[in-house]
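Each chain, letter by letter, is given below.
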Amino acid sequence: MRQQERVRLHTADPWERDSIERHLGWLDAEIAAIEKACQLHVRANATLDEKSARLRSIPGVGQVTALTLMAHMPELGDSSPGGMAALAGLAPFNADSGIHRGQRHIQGGRKRVRDALYMAALVAYRMRSPFAYLIQTMQAKGKPFKVMIIAIARKLLVIANAIFRDKTTFRTT
């Protein structure tokens, strides 16, 4: 809703701007209050605090992504990497029919998780260091930017699954 209001602000008539700006201020305050409540809840629970710290050890994963994964992916650590990717909607599904071999696309899954991992993947892409080999390999093959980002998002989810399974933190080798 906040993003919708920001877009409306740019196209609004001058007499509408004050109302939209007040609404944006209210939305910002509500979002800040909710984020603070989430932080307090996680800090108050030792198990959640430990899980959050483990997730945030992964390059690109911040507080919002960690909270989203903890809330919307309770299966983390208990499933196979492919199963987790399918649950998040990051597994490529084929578009085949008979002898025709179509392009693979991601679809379905948990949109909030996919969105959070996409943003974390953008950050990880900009950091490059932990995922440099994956990025270089895909660039050498001429893969589009979004394909690389989705591959990194899937990698982040697989790493998060392994971290929860092994009860460890992220380490580069």
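In the block above lies the structure referred to throughout.
Remember, it's a predicted structure, so these values are computed and weren't measured experimentally.

A. Representation of the overall build of the chain in the model. Helix and strand counts for the chain stand at eight helices and two strands. Going through the 173 residues of the chain one by one, you find that 31% of them count as buried. Summarising the internal contacts of the chain: among those between residues at least 6 apart in sequence, 54% fall at separations of at least 24. Side-chain charges in the chain split into 26 positive and 15 negative, and the spacing between the mean points of these groups amounts to 11 Å.

B. View of the nonpolar core. Membership of the largest hydrophobic core comes to 34 residues, with the highest contact counts inside it found for Leu55, Ile58, Leu69, Leu156 and Leu157. Broken down by secondary-structure element, the contributors of at least two residues to this core are helix H4 (63-72), helix H5 (81-88), helix H6 (111-127), helix H7 (132-140) and helix H8 (145-166). Here the element with the most residues in this core is H8; it accounts for eleven residues. Contacts of leucine 69, omitting those with residues within four sequence positions, involve Leu55, Pro74, Leu76, Val113, Leu117, Leu157 and Ala160.

C. A look at the pattern of salt bridges. Considering all chains together, one arrives at six salt bridges under this definition. For glutamate 50, the salt bridge identified is with arginine 54, shortest N-O distance 2.3 Å. With glutamate 50 and arginine 54 both in helix H3 (residues 46-56) and four residues apart, the pair spans about one turn of that helix. A salt bridge links arginine 110 to glutamate 75; the nearest nitrogen and oxygen atoms lie 2.8 Å apart.

D. Looking closely at the packing of helix H2 (residues 14-44) against H3. At a minimum axis separation of 5 Å, H2 and H3 run at an interaxial angle of 110 degrees. Classified by the interaxial angle, the pair formed by H2 and H3 is roughly perpendicular. Here His41, Val42, Arg43 and Ala44 of H2 come into contact with H3, specifically with Ala46, Leu48, Asp49 and Ser52. Considered class by class, the residues forming the contact of H2 with H3 number four nonpolar, two polar and two charged.

E. Main features of the packing of aromatic side chains. Within the structure shown, the criterion is met by one aromatic pair. A ring pair is formed by tyrosine 125 and phenylalanine 145, whose centres lie 5.1 Å apart and whose planes are at 85 degrees; its orientation type is edge-to-face. Taken as a pair, tyrosine 125 in helix H6 and phenylalanine 145 in helix H8 lie far apart in primary sequence, 20 residues in all. Owing to a relative accessible area of 13%, tyrosine 125 belongs among the buried residues under this scheme. Taking relative accessible area as the criterion, phenylalanine 145 reaches 38% and is therefore assigned partly exposed.

Cut-off values and rules
- Residues numbered from 1 in each chain as written.
- Predicted model: local features only at pLDDT ≥ 70, side-chain atom pairs only at ≥ 80, totals over all residues.
- Heavy atoms only, no water.
- Helix = DSSP H or I, 4+ residues; strand = E, 2+ residues; numbered from the N terminus.
- Buried < 20%, exposed > 50% of the residue type's maximum accessible area, 1.4 Å probe, protein only.
- Contact = heavy atoms within 4.5 Å.
- Lys, Arg positive; Asp, Glu negative; His and termini not counted.
- Charge placed at Lys NZ, Arg CZ, Asp CG, Glu CD.
- Core = buried A, V, L, I, M, F, W, Y, C linked by side-chain atoms within 4.5 Å.
- Salt bridge = Lys/Arg side-chain N within 4 Å of Asp/Glu carboxyl O.
- Axes fitted to C-alpha atoms, helices over the stretch in contact; angles between N-to-C directions.
- Parallel < 35°, antiparallel > 145°, perpendicular 65-115°, else oblique.
- Nonpolar A, V, L, I, M, F, W, Y, C, P; charged D, E, K, R; others polar.
- Phe/Tyr/Trp six-rings, centres within 6.5 Å; stacked < 30°, edge-to-face > 60°.

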